[in-house]
Amino acid sequence: MEKQFADVLLPLPLYDNFTYVIPEDFVAQVQPGIRVIVPFGAKKKYSALVIAIHSTPPIDFEAKSIESLLDEKPIIFPNNLNLWKWISEYYCATLGDVFKAALPSGMKLESQSKITLLQNNEPENLDLKEILVFKILQNNPQSITQLQKTIGTDFSYVLVNRMVTKGIISVEEKIASKYKAKTEVVIVSHPRFNSFEEFERSLQLIGKAKKQTELFEHFLQLAKKSINIKQFKISRKELLKGTNFNTSLIKGLVAKKIIKEIQQQVSRLDVPVVQQGEINILNSFQEEALAETYKQFESKQVVLLHGITSSGKTEIYIHFINRIINEGKQVLYLVPEIALTTQLITRLKLIFGGKVGVYHSKLSDHERVEIWQKVLNFDNDPTNSYQIILGARSAVFLPFKKLGFIVVDEEHENTYKQFDPSPRYNARDMAVIMGYQNNAKVILGSATPSFESYYNAKSGKFGLVELLQRHGEMLLPEIIVSDIKRAYKRKEMKSFLTPELFQHIETALVNKEQVILFQNRRGYAPFVECMDCGWIPKCEKCDVSLTYHKYKKTLNCHYCGYYIRMPETCHDCGSPELKTRGYGTEKIEDELKELFPEARIARMDLDSTQSKTAFEKLVKNLENRKTDILIGTQMVTKGLDFEFVNTVGILNADNLINFPDFRAHERSFQLIFAS
């Protein structure tokens, strides 16, 4: 039989594919889109993605063999690979980098060097470092990384090689799966029982064990809600919930072959929400915009929906989504920030129920793998899969097979752009390419469209639909420009607040209304300065001033992550006269607590939203009126909608215009208008 070869893609920053021999046992199973384990280099092993199969042997070298298969079916589709190739070419990235960015970490496997002892008794003539390694490995084999962390500065590869040469330890490459399915213990009746009557007769096996009898009766009472005893199963946690029974009683019934414990795989994802709400009826302006969108899609693949703030763009998206899912196709709804998903997901799940899934970087890696699988299996099992994905920029990599519609909400936002690491893609532009590749309709929505999208719409490349009336005939907010310089001269400033802003905040609090303050600086102060010599601490790598974070007592670089402890004295002259300069969100929060001691104040920035549920908690507290004043960075300007917010303050608006960016004026207009 003629040898078969597979071209594979490795999750490494390499431009080339690599060719491997397909062993005869695997020929029938190997197909493009599945993952395989391959050796690479002298010792390493990786999970690689098969992208082509052929019978042409490589010319310059002898191909190694594929070692094992990880999948029975492809984990991506041909259209996904086409998108990856486009990204690689357009953004000058290696295809390996795109592969690495696209798949959740749990689906990318790499071998680790495992170190084990070859002898039980400690050899003679070992130096102190070798004795230390020997004693560590006596307890358990360790990976190179683990050993390095344990030993610290005493670790060196020379030390490891020396012990290998002496025959004391061995080093081998092993692959461990990063993704493990979540399981729970489920209780069922023993397989020997075919009916409720047979099961009830087993009560005599329990004898005089009173507690076991009570547990048996409790289980039987729950089981009778099902049609057949063989069909009933309940998790151990649910069985014991609200009772005084314990696991030892369960084990007693298991030993008597009355019930049985089994391990069952369960999802880490949220329990699907039952569809409860109806799609809202559109007003005449929205109806007109929706009809115009349908008309534009007859000749255009992409439509820019220019709708002013609170005009009801989301309702138009929902009507279009409903039409697409009724056609049996999938929907991708992109948002620029995870913060936006909190309100949107609630709205979408009320209407579309369990068809909606959420995908973003705050999810655990195991959750991301499960979502990937639910999108992948849509064609085979639509009822148990996600048809609508609401996500941040990384959601464009999900394996859609029947993509029919893409929404890019707030398309002007720069957070759609991935800056680091490679590939440095723009999710908005990728959405447009996905639309053309999948023959899917794309709506770019914004109250303040980006310059290039608006140009493309005006020049006829995209369709253009405008919605310039606010929902419910609401008036646009009044914009007040406060002169800080004048207020400082007249000594009218209340800390960092102008008299006008202070008055509006005071009035809002008296009227039990809410306030949002936007400051585009996180941390306590943008920089620290020595009052004697003018020294300002700077990042050793980036040469930018370090931001002071009071709650961590550190000076941080917001570019590379470099940080130092807050110094007590100047590093140049030794003076203790170090003062903070400027206002960050932390300092504003502190000063607001002094100005309005009765107000409930919260902060929304990168530092206060590290956990997965932090965004949701902050948003819910504002919705439920548990927060009076919310201070935040750009996160608070991105499409959040709160009924009782009366005043929005933009602090130091001039700083936005003077930001060192050629788009500074455009971004400033978008941020101010969005706020």
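Note that the structure is a prediction, hence the values are computed from the model and not measured.

Caption draft 1: Up close: the packing of helix H10 (residues 284-297) against helix H11 (residues 313-326). Two numbers describe how H10 lies on H11: the axes approach to 10 Å, and their chain directions differ by 50°. Viewed along their axes, H10 and H11 adopt a mutual orientation that is oblique. Pair H10 / H11 crosses with right-handed handedness. In this structure, H10 uses Gln286, Ala289, Leu290, Thr293, Tyr294 and Phe297 to contact H11, whose residues at the interface are Glu315, Ile316, His319, Phe320 and Arg323.

Caption draft 2: Layout of helix H17 (residues 499-510). An ideal rise of 1.5 Å per residue puts 16 Å on twelve residues; H17 measures up with 16 Å between its terminal C-alpha atoms. Among all positions of H17, only Leu501, Phe502, Ile505, Ala508 and Leu509 are buried. What you see down the axis of H17 is that its buried residues fit within an arc of 130°, all on one side. In this structure, the buried residues of H17 make contact with strand E19 (514-518), helix H18 (585-595), strand E26 (629-632) and strand E27 (645-650). Phi turns positive one or two residues past the end of H17, at lysine 512, with a value near 60°.

Caption draft 3: Representation of the state of the cysteines in the model. Under the counting rule described, the total for this entry stands at zero disulfides. Looking at the unpaired cysteine 570, the closest cysteine sulfur is the one in cysteine 533, lying at 3.5 Å. Owing to a relative accessible area of 4%, cysteine 570 belongs among the buried residues under this scheme.

Caption draft 4: Inspection of the pattern of salt bridges at higher detail. Within this structure, the stated rule accounts for 26 salt bridges. The salt bridge involving glutamate 327 is made with arginine 323; its shortest N-O contact spans 3.9 Å. Three or more residues are tied together by salt bridges with common partners; here these are Glu411, Arg428, Asp429, Glu452, Arg663 and Glu666.

Caption draft 5: Structural view of the environment of glutamate 288. Looking at the element boundaries, glutamate 288 is found in helix H10. Spatially, the C-alpha atoms of glutamate 288 and valine 465 are 9.5 Å apart, while their sequence positions differ by 177 residues.

Caption draft 6: Summary view of the sheet that holds strand E14 (residues 356-359). Here seven strands make up an open sheet; going across it, the order is E14-E15-E13-E16-E17-E12-E18 and the pairing parallel. Sheet topology places E14 and strand E18 (463-467) at the edges, where each strand pairs with a single neighbour. Across the sheet, the mean angle from the axis of one strand to that of its neighbour is 20°, orientation sign disregarded. Strand contacts of helix H13 (residues 365-376): strand E13 (330-334), E14 and strand E15 (388-391), with the helix running at about 140° to E14, the strand carrying the most contacts. Each of strand E12 (302-307), E13, strand E16 (403-409) and strand E17 (441-446) is contacted by helix H14 (residues 427-438), which is oriented at about 160° to E16, the strand it contacts most.

Caption draft 7: Examining the environment of threonine 613 more closely. Tracing the chain through its elements places threonine 613 in the loop between strand E25 (601-604) and helix H19 (614-623). Linking threonine 613 and isoleucine 308, residues 305 residues apart in sequence, is a C-alpha distance of 30 Å.

Each value, and the rule that gives it
Residues numbered from 1 in each chain as written. Predicted model: local features only at pLDDT ≥ 70, side-chain atom pairs only at ≥ 80, totals over all residues. Heavy atoms only, no water. Axes fitted to C-alpha atoms, helices over the stretch in contact; angles between N-to-C directions. Helix = DSSP H or I, 4+ residues; strand = E, 2+ residues; numbered from the N terminus. Parallel < 35°, antiparallel > 145°, perpendicular 65-115°, else oblique. Left-handed = near helix turned anticlockwise from the far one by under 90°. Contact = heavy atoms within 4.5 Å. Expected span 1.5 Å × (residues − 1). Buried < 20%, exposed > 50% of the residue type's maximum accessible area, 1.4 Å probe, protein only. Arc of directions from axis to C-beta. Disulfide = S-S within 2.5 Å. Salt bridge = Lys/Arg side-chain N within 4 Å of Asp/Glu carboxyl O. Pairing = 2+ DSSP bridges.

These results come straight from atomic positions and should not be treated as a statement about function.
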